[in-house]
Amino acid sequence: MSKVLHGSEHLCVNRFIWRLKKINLVHEVLLKFFKDILLGAESMSGFGVYASKGRVLFRLLFPSTILRCIVLALLVIACAASAITANARSELAAIIAVITFINLALLCALTIPMQMVALASSRTTIFLGNARNLLLVFLLMFSLGTSLMMCWLWDLSTLNRYSPLMLLGVWLTTSLFLQASVWFSYRWSGAHLFLLVFYLILDDVVSLLELWNPLLLASVLLLSWMAFAYWWINWMPEKYKVNIFFIGLAAHQKISLTQRGNSWFHTGTAHSWLGSRLLGAADGWGVRGRRMLSVLIFTPLGFIPAFLIMDDAQFKGLVHTILLISSATVALGVLANQAFNLRRIWLYSAGDRSEFYSLLQKKFWLDVVPFTLFFSAVAFNLDWLWEAQRGAESWLYFLVSVFLLQSLAFHVYWWVYQRTSASLFWCNLVCFGMVLCWLFMSFATGFLATLPFGWQNVSPLWIVVPELILLVFLQERVRSGFCRVNFAGGSR
Amino acid sequence: MQTFISLNGLQRKLGGVSILNGITAVVTPGQVIALLGKNGAGKTTLLETMLGFGFPSAGEAKLWNINATNIDSDIKQRLGFVPQQDELLAGLNGRDHLELFKSFRKNWNQALADRLIAEWLIPMDVSVGKMSIGQRQKLSILLAMAHEPALLILDEPVASLDPIARRQFLQQLIEIAADENRAVIFSTHIVSDVERVANQVWMLRDGSLAYQGGLDELKESFVRVTLSFSQPVSLKINWPNLIRQKNSGHQTQLTFDHWKEEMVQQLEQEFDAQVQVEYLGLEDIFLELNQ
């Protein structure tokens with residue numbers, strides 16, 4: 001049966017058919033995309049090639065299964081929490097989104113620059129055609145994606161001040177941060193960590209940038225990428241720049257010998273037999289002092305940009321954060337070094353394994369306490385110079401809680417070491433996660449600074465009590481666990 | 001006789017993977033043992049387990065009749081160990097290392113140390129970070145030898161040494177071998193070195209000892225027999241201790257373990273063929289056992 005259609009009806013039917021076609025097209029495209037991903041190279045279409053390239057790039061940039069799982073898990077949680085926040089305006093979901101996203105961004109910012117440099121200087125990947133161009137495009141996309149996400153989350157927060165100009169400012173800051181990180185990773189492996197401090201003051205940097213002409217911002221952004229691309233494409237590495245995050249013990253040892261061994265900060269005489277072996281370097285008082293000097297010289301560098309940009313109140317808050325991060329970083333560094341070198345003292349110690357607990361603890365505090373006291377003294381004096389708002393009681397509390405955190409880090413680290421048959425990867429990952437949790441709890445309780453949410457002034461007992469419980473739970477287990485500990489093998 | 005090391009059904013798993021599968025062996029004074037095996041056969045794990053770096057999953061590893069994971073200072077003084085990757089200390093030079101090790105050791109042969117420094121041309125005033133890999137390896141070996149340990153264990157000690165240094169090192173091992181109160185275990189891939197200094201061979205395959213015994217006995221027990229027939233051959237031979245058979249035209253090549261002279265006659269009688277026997281070198285034996 002046929003029916004004659006009027007003009008308006010004809011238009012509607014046409015629209016309907018067009019929509020159906022569009023839906024069908026999208027359906028076909030999606031089907032093809034997933035087929036390509038699932039079947040891989042056997043049925044390569046345009047999407048298949050991109051999916052395959054993307055998969056290879058993801059595996060190259062995160063060359064550890066555990067790391068890939070963590071990145072994907074964080075991404076899923078961050079996206080889900082963001083979606084809930086956007087629809088339901090849930091404060092808790094917003095906090096989870098922010099925390100997860102910061103963790104993800106931090107993880108990527110730590111690993112990607114070093115891995116990019118390692119890949120670009122590797123003779124294996126150098127022959128993979130346009131690998132460098134692909135990495136450059138990825139970095140550009142990553143900077144844009146991170147900036148968009150950051151602006152969106154910022155907008156969701158109580159600040160509600162999103163503007164295209166703000167996106168430009170965030171994108172410029174993120175781009176400069178990533179570009180500088182790659183360059184730092186090439187020049188001084190691992191030194192790009194210092195750049196993270198710039199990200200702590202992102203809010204202030206963006207506020208400053210928002211005063212600029214948008215055209216100027218866009219020009220600087222474009223110029224920065226052009227300059228970086230020019231350097232990146234023409235850069236001829238002299239030798240393979242290994243990524244210290246993903247190498248074995250043997251390679252670590254080699255780097256430690258050549259890098260640390262030739263530096264004035266690490267050259268000196270040995271004070272004790274076991275101390276030197278546990279440190280993997282001379283442990284004389286002179287060289288200890290020089291090593292401490294190197295940390296004390298580099299740490300204040302983190303203060304300079306903040307001091308120039310921030311106002312007094314914000315800077316004071318940042319001082320506490322930097323001090324806390326510095327104290328935790330020193331503790332984790334000492335633990336990582338001890339774990340790396342523990343096998344060296346087995347054949348040279350007078351006692352058996354059970355005596356290692358007290359030995360390690362003694363050496364740990366010997367290394368950690370001077371740094372922590374120094375950091376605290378600096379902060380106390382800065383507070384006093386600024387006509388302190390915090391009293392001595394507050395600083396005592398700060399000091400105690402930092403020592404508590406360090407003690408907990410010590411016990412957690414060795415507990416994981418014993419449980420995983422000396423997997424240094426898990427030891428570092430778990431402790432790093434624990435310190436991050438502590439940091440976020442400190443923000444949440446308003447102990448260090450406050451997040452831009454209403455959730456603050458939770459009792460500090462939420463930090464201290466779990467710490468104490470965990471410490472009591474672990475202490476005896478870790479002590480007795482040393483009787484059955486396997487040392488990280490030289491064959492790994 | 002005193003036993004330095006006794007391994008009894010030793011098993012070791014790492015990350016759920018079985019690396020050592022029930023190794024039973026003893027080390028007595030006067031033995032110079034060459035530990036051979038392909039890459040990933042478990043040589044380093046075996047050496048580290050017998051030194052107590054890790055606990056066995058099953059079985060036991062004992063040093064002077066004490067569990068290797070519980071050895072005391074006295075036993076540690078009798079050991080010398082050179083790991084695959086040297087464990088020298090960053091920021092110290094050779095002389096600092098010597099002083100530091102000397103302070104820990106109860107026994108120290110300064111004359112030996114001085115002689116080796118001179119012969120091996122170790123730059124003692126240079127920071128180890130600036131030394132070449134070979135120089136660091138020489139220093140590591142020197143530090144493990146200077147206290148004249150009763151048991152010296154070396155994990156691929158010559159891998160980074162040039163031919164001259166390798167020869168000097170082997171000469172030093174021969175001197176230790178002459179002392180019947182001491183023992184040496186060294187892992188290596190350079191089979192010619194083994195023939196020069198070892199009197200015992202442990203051949204590790206898939207985490208088990210495929211052979212352990214004297215070097216001469218090993219070389220006498222492995223042969224390649226060529227049977228020549230009057231017409232092209234395609235038969236499949238099934239004899240005890242036959243490891244490999246390869247047919248080619250009128251000939252078939254057989255590789256035997258536990259070879260005995262009287263087997264020549266038995267082969268001639270059974271196959272009515274001309275029999276030619278060739279004794280294998282250690283490298284060929286290694287290849288035959290690991291193919």
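Before reading further, recall that the structure is shown in the block above.
What counts as what
- Residues numbered from 1 in each chain as written.
- Chains lettered and ligands numbered in written order.
- Predicted model: local features only at pLDDT ≥ 70, side-chain atom pairs only at ≥ 80, totals over all residues.
- Heavy atoms only, no water.
- Helix = DSSP H or I, 4+ residues; strand = E, 2+ residues; numbered from the N terminus.
- Buried < 20%, exposed > 50% of the residue type's maximum accessible area, 1.4 Å probe, protein only.
- Pairing = 2+ DSSP bridges.
- Axes fitted to C-alpha atoms, helices over the stretch in contact; angles between N-to-C directions.
- Contact = heavy atoms within 4.5 Å.
- Buried area = accessible area lost by both parts, 1.4 Å probe.
- Salt bridge = Lys/Arg side-chain N within 4 Å of Asp/Glu carboxyl O.
- Polar contact = N/O pair within 3.5 Å; in protein donor to acceptor, adjacent residues only side chain to side chain.
- Nonpolar A, V, L, I, M, F, W, Y, C, P; charged D, E, K, R; others polar.

Asks: I'd like a rundown of the environment of Q171(B), residues and numbers included.
Replies: Residue and element names in this part refer to chain B. Looking at the secondary structure, you find Q171 in helix α6 (residues 163–178). Taking the relative accessible area as the measure of exposure, Q171 reaches 42% and is therefore partly exposed. Separated by 25 residues in sequence, Q171 and R196 have C-alpha atoms that sit 9.3 Å apart.

Asks: So what's going on with the sheet that holds strand β12 (residues 242–248) of chain B? Which residues, and what values?
Replies: Residues and elements named next belong to chain B. In space, the 4 strands of this open sheet follow the order β12-β13-β11-β14, with antiparallel pairing throughout. Every other strand in the sheet has two partners, leaving β12 and β14 (274–279) as the edge strands with one partner each. Along the sheet, successive strands turn relative to each other by an average axial angle of 20°, direction set aside. Bridge analysis of strand β11 (residues 223–228) against β14 gives 6 bridges, and the strand direction is antiparallel. Looking at β14, one finds that S228 is bridged to Q274.

Asks: An account of the interface of chain A and chain B is requested, with residue identities and associated values reported.
Replies: Contact with chain A, which involves 39 residues of that partner, is made by 37 residues of chain B. Across the chain A/chain B interface, buried area totals approximately 3200 Å², and carbon plus sulfur atoms make up 56% of it. Counting across the chain A and chain B interface gives 3 salt bridges. When the shortest N-O distance is used, the salt bridge between R343(A) and E87(B) registers 2.2 Å. Between chain A and chain B we count 15 residue pairs in polar contact (both at pLDDT 80 or more) in total. The set of elements that each furnish at least two residues to the side of chain A that touches chain B consists of α11 (249–261), α12 (273–279) and α15 (312–346) of chain A. Residue composition of the side of chain A that touches chain B, grouped by class: 13 nonpolar, 18 polar and 8 charged.

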